[in-house]
Amino acid sequence: MRLNLRAPLSLAVAALLLSAPAQAFLPTPLSVIEEDLQSSELPTTDSNATVPIQMAYPDEAVQGTQNDIDSGSSITTEQLLSTWRKQVKTDNLAQHTTWRRMLYFYDDQNRIFAKKQTKSMVDDPRFFLSMRGQQDAAAELDATLVALAKETTSSINSNQADTETPNQASNNSVLCRFPARVAWLKEALAIDDVRLSAECPELDDWMSTLAPEQLSIVFAEEYLDNPLSAFGHTLLRIDSKSSVADPNQISQAYALNYTVDGDPDDSFPVYATKSMIGRYDSVIEIDPYPEKLAKYLQDDERDTWTYQLNLTPSEVQQIMRHVWETKELKMPYYFTTDNCSSEILRLIDVVRPQQSLLNEMAYVVVPSDVVQLLGKQNLLASTMYTPADNTLRQAQINEKNSSPRQLGYQDSTKQTLDQIKSAELNAISSMSDDNQALLKRQIEPSDNNPVDRHPLQLGTIGIGQRGDDDYVDIGFRAGFHDTLDHASGYPQFFNLEGLAATVRLYDTDDNKPNQPERVVLQNATLIRGRSFNPVNSAKKGKTWGASIEATRVNDGSQDAGTDHLIGSVGYETGWSWAFGSPSTGTGEMPPQLCYTFLAGTAQAGRGLNKGFRVGAGVNAGCRYQINNQLRAQAELQLPYWYHGNSAESDVRGHYWQPISSLGLQYDIDKKQALRINANYDWQERVDANDDIQLSYRRYF
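Please read all numbers here as calculations on a predicted model, not as lab measurements.

Colleague: Can you break down the packing of aromatic side chains residue by residue, with the values?
Modeller: What the rule picks out here adds up to 21 aromatic pairs. Plain terms: the ring middles of Trp305 and Tyr385 are 4.8 Å apart, the flat faces sit at 45° to each other, and that makes the pair tilted. Residue Trp305 is located in strand β5 (residues 304-309), and its partner Tyr385 is located in strand β6 (residues 380-386); the two are separated by 80 residues in the primary sequence. By relative accessible area, which is 6% here, Trp305 ends up buried. Joined through ring pairs, the aromatic side chains of Tyr104, Tyr106, Phe127, Phe128 and Phe178 make up one cluster. Here Arg453 stacks its cationic end above the ring of Tyr490, 3.9 Å away from the centre of that ring. Directly above the ring of Tyr471 sits Arg504, whose terminal nitrogen or CZ lies 3.6 Å from the centroid.

Structure below.
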């Protein structure tokens, strides 16, 4: 009687389990997940292409033994998955900040120029185990768990079968390809290290070579003679035990450099444009640190500042594991947002989920701003200054000229100065002869530590008078710095401005002739800068300048000419000289500067006679630093303009138009300043010759 009851009951249970509604509540079978994993693998026909991600399955050599334990293996795998999935669901790990950041999901980006999207920024299918990994972090996590469970049970079964290499995984297994993800899951799911471990020859060799113990951020100062380095550069220094014990022993240190993989055959305008708009891929370069440092100190002659990052040993290891996962990715490079500095912030964000450093960069990511941000977040543990070769030679010149017998450059023989300034005749360097160690030089740091500089952005409001008209100016500058700004933290005589605009509001009187409009765009600058390399200093570059802007100018070709908004492109080349007493014990140049440029300018606009003019002439001036808070600059421009011949007798086709200017700035503090600007146009045909203004400047 009991047997008759059991039989129908068993059939009923089986029917219930096989029904569609019941299957909806059952765990996803492992075979179904495996189909998703295998279908996501993209075969390659190129022998040199990266090998697609594949799962590690038992070798055919042990297939017979494996068949005997297949049922136990399946049970173990399903048990592991069931346990892990429950914990993943309980802790909502698929939406954990760390997991999503490792997959390049950036949910918290609110930067103005950020690429807001709900999917991963990586579009390489080999970066994901699931076909839906780019769109769904949860699917990628589950696929990773399946792979881990299978590899774990395969390892266990291999041990049971007494194979010769029980813990050796394929270099393309999930354990070897994604060590950062696995390490994070080990901690999040409390997985035993012994249970989930494998030998990964390629990964192990890579980590053994780098031997990462400590990470530091290296800042190379701005270098205007190479426009792509005009905004400075940052990289990561990877220290081994030897360089941690003695930071001057750099032979075993490496440099991690995130840069643009550009086409060297492209012209500079094309190269720069493609770098700005993401038409080039990025590339992660890992080179011996001495090679990279020598390029900055000796070739480019740029001082460097090295800041040890305040990271734990486990965070350092996890960052390097994540670099291993991402080092072959090809992602668009954007010069202003996804660059050398943003990648450093992203790597730190991966191991610090409670922070969102990259999100702090609201506009663009600039190397010096990144250093300042890390300082504010207490992530800089120590600082080391390394002077460039020309800085050391300048220190020798300063010492020579400060001797009682020689009070200035004019008292030194030209032959002696040339010998000191020459890199060939005076091979002094911060690096040893073999470039494998840093030498301790008795020199004080220059005043160019980016931590000390004023904020990048600038807002101004000024009151002034042009001719008989009063006005108010409101201006904004996205960056960087001009020669009257607070100098600390910047390279000496640094002058580079970009993305600046000024709007002028006139207090007009309708009863007066030639009244300006009430609101005008006074200036809009795309880029304007000057590179000063004084001929009597140890710097080897040239003195030059360039500008691309829209500005208001007075047309002196006709009587009572008023100002007009025009487009202007200019280039200058010339000479500069430094004089005065430099800071004692440093390699800084003397603080005062005079310069002379040969200038050429082309301008076009509807308000100009014939719609254009071209000019050539001389620009000469001096910049004088009165003290640390007060600086003055005077300049005389002597352009000769040509419009072309005109049939009208009262219109001139060519003429001189001298303009003199004077500027004076007083620093209230690092973020505030007052400035006076005065200009006088000596061309008698313009309507208003003089312009004087007092402005308040706020750096933020």
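After that view, the rundown keeps rolling.
Colleague: Go over the environment of Thr90, please, and point to the residues and values.
Modeller: Counting through the fold element by element, Thr90 comes out in helix α5 (residues 70-91). By relative accessible area, which is 67% here, Thr90 ends up exposed. Within the structure, the side chain of Thr90 is placed 2.8 Å from the backbone oxygen of Lys86, a separation counted as a polar contact.

Colleague: Can you lay out unusual backbone geometry for me, pointing to particular residues and giving the numbers?
Modeller: Put simply, Gly479 and Phe480 share a cis peptide bond, and its omega is 10°. Checked against the element boundaries, Phe480 lands in strand β8 (residues 469-481). Within the chain, Asn378 stands out as a residue other than glycine whose phi angle is a positive 60°. Within the secondary structure layout, Asn378 lies in the loop between α16 (367-376) and β6.

Colleague: Please provide a residue-by-residue account of the state of the cysteines, values included.
Modeller: Tallying each qualifying case throughout the model produces two disulfides. In this model, Cys176 is linked to Cys200 through a disulfide, with the two sulfur atoms separated by 2.0 Å. Torsion about the S-S bond of the Cys176 and Cys200 cystine: about -80°, corresponding to left-handed handedness. Here Cys200 lies in the loop between α9 (179-189) and α10 (201-210) and Cys176 lies in helix α8 (residues 174-177), a separation of 24 residues in the sequence. Accessibility assignment for this pair places Cys176 and Cys200 in one class, buried. A sulfur-sulfur distance of 2.0 Å marks the disulfide that ties Cys594 to Cys622. Every disulfide takes its handedness from the sign of the S-S torsion; for Cys594 and Cys622 that torsion is 105°, giving right-handed. Taken together, the residues span a long stretch of sequence, with Cys594 in strand β13 (residues 592-604) and Cys622 in strand β14 (residues 612-627) at a distance of 28 residues. What makes Cys594 buried here is its relative accessible area of 18%.

Colleague: How would you summarise the environment of Cys622 if you had to cite specific residues and measurements?
Modeller: For Cys622, a relative accessible area of 35% corresponds to the partly exposed category. A C-alpha to C-alpha distance of 5.7 Å links Cys622 and Gln633, two positions 11 residues apart in sequence. When neighbours within four sequence positions are excluded, Cys622 is seen to be in contact with Leu593, Cys594, Tyr595, Ala632, Gln633 and Ala634.

Quick notes on the rules
- Residues numbered from 1 in each chain as written.
- Predicted model: local features only at pLDDT ≥ 70, side-chain atom pairs only at ≥ 80, totals over all residues.
- Heavy atoms only, no water.
- Phe/Tyr/Trp six-rings, centres within 6.5 Å; stacked < 30°, edge-to-face > 60°.
- Helix = DSSP H or I, 4+ residues; strand = E, 2+ residues; numbered from the N terminus.
- Buried < 20%, exposed > 50% of the residue type's maximum accessible area, 1.4 Å probe, protein only.
- Lys NZ or Arg CZ within 6 Å of the ring centre and 35° of its normal.
- Polar contact = N/O pair within 3.5 Å; in protein donor to acceptor, adjacent residues only side chain to side chain.
- Disulfide = S-S within 2.5 Å.
- Contact = heavy atoms within 4.5 Å.

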